[in-house]
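Here is how the chains run, residue by residue.
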Amino acid sequence: MRYLALLGSHERHGITAGYLDAVTAALPDSANVETVFLRDYDIYPDTKEQSCPALDEIEAKMAASDFWIICAPTYWGGMSGVMKQFFDCMRFRLVRMNSVADTLPGKYKDKHYLSMTSCFISSTENLATGITDQTFVTIDRVLTGAGLIKVGEFVGTGTWGTKKPRPEKLAECTRWGKKIANRPRKDDNTLKRYILLFIMIAVMALITMGLQAWWFGVFAAGKFWLTYATFVVIFYVLLASILHFFTFVRHRRR
Ligand SMILES: Cc1cc2nc3c(=O)[nH]c(=O)nc-3n(C[C@H](O)[C@H](O)[C@H](O)COP(=O)(O)O)c2cc1C
């Protein structure tokens, strides 16, 4: 398989780059791996008269790869400007637009990607503040808009006051490298998400209805499990239909 890593950091050999190296180092010898340090390129928007040579060069590498690793540190609570500038300039190469300005997947549809970022703050602080959320949201907006399939995400937290990647995070990168090695995935986890949704509804309904039965005795005697099972199934079908409508059908229409 061919892997292309895009590094959008200020630092060629910084901590974020260290995590990216750990992922690519864990790929098998047979893998064809290339890393593009975006700052090496003079990236600017294409015009009608002339396309940007740097974008041509990077896009050729993207087209030739099966798997993209998007690695951008979080700056000021969002994606680094280097990566943002690249994505902005790539917009019309990544997606198609129709007459009413719908954004449709382009020629990279069904390739796969892994998102990576880093931040100064600790994992606990990041859990509470979600400082890296916006970086991932932007990556996903661009790449899922282009029709790519997400495989996972990695955050290298706690970069403040150190010059080196953390060993436990490096181990996590190694696991990612192994996970993405030679495993082209055919689906986009939709089935897994719907199964998870069913389990969540079943557990929450059991807790809610169990408390209702215990505290208020609201269910007919001997009918608790039938009431519970029918509630879970009906609620799941309705909720899944609404979600399906808003996530797939509605998007396609507008
Ligand atoms: C300009 C700039 C802005 C940053 N903004 C944030 C931030 O808002 N929150 C945060 O937790 N880390 C922030 N960081 C830390 C980076 O996300 C990154 O973890 C750190 O620079 C180490 O990665 P590097 O060695 O690749 O530069 C910032 C770093 C830079 C250089």
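An unreviewed UniProt entry lists the protein chain under the name Flavodoxin family protein, from Levilactobacillus tongjiangensis.

Draft legend 1. Region of interest: helix α5 (residues 133-145). Between its first and last C-alpha atoms α5 spans 17 Å; for 13 residues at 1.5 Å apiece the expected length is 18 Å, and the two agree. Elements that come into contact with the buried residues of α5 comprise β3 (67-71), β4 (74-75), β5 (78-79), α3 (81-94), β8 (112-118) and β9 (149-156). Two residues or fewer past α5, G147 is found with a positive phi of approximately 90°.

Draft legend 2. The site of the ligand, seen in detail. With respect to spatial proximity, 18 residues lie near the ligand, and among them G14, T16, Y75, C119 and T159 are the closest. Of all elements in the fold, only α1 (15-25) and β4 reach the threshold of two or more residues within the shell around the ligand. Here the shell around the ligand takes three residues from α1, the largest share from any one element. In terms of residue class, the shell around the ligand is built from nine nonpolar, eight polar and one charged.

Draft legend 3. Examining α3 more closely. In this model α3 runs 18 Å from its N-terminal to its C-terminal C-alpha over 14 residues, within 8% of the 20 Å that 1.5 Å per residue would give. Remark: the principal bend of α3, roughly 35°, maps to D88. For α3, every residue scored as buried is listed here: V82, M83, F86, F87, M90 and L94. Against α2 (53-64), β5, β6 (95-97) and α5 lie the buried residues of α3.

Draft legend 4. Local environment of the environment of L27. Within the element layout of this structure, L27 appears in the loop between α1 and β2 (32-37). On the basis of neighbour counts, which here come to 21 C-beta atoms within 10 Å, the residue L27 falls in the buried class. Along the chain, L27 and R175 lie 148 residues apart, while their C-alpha atoms are 9.7 Å from each other. L27 has contacts with Y3, V33, G177 and A181, leaving out every residue within four places of it along the chain.

Draft legend 5. Region of the structure containing the nonpolar core. L20, I69, I70 and C71 are the most contacted members of the largest nonpolar core, which totals 45 residues. The contacts of L20, once residues within four sequence positions are left out, are A5, L7, T35, I69, C71 and M116.

Rules used throughout
Residues numbered from 1 in each chain as written. Predicted model: local features only at pLDDT ≥ 70, side-chain atom pairs only at ≥ 80, totals over all residues. Helix = DSSP H or I, 4+ residues; strand = E, 2+ residues; numbered from the N terminus. Expected span 1.5 Å × (residues − 1). Contact = placed C-beta atoms within 7 Å. Near = placed C-beta within 6 Å. Nonpolar A, V, L, I, M, F, W, Y, C, P; charged D, E, K, R; others polar. Bend = angle between axes of the 7 residues up to and from the residue. Buried ≥ 20, exposed ≤ 12 C-beta atoms within 10 Å, placed from the backbone. Core = buried A, V, L, I, M, F, W, Y, C linked by C-beta atoms within 7 Å.

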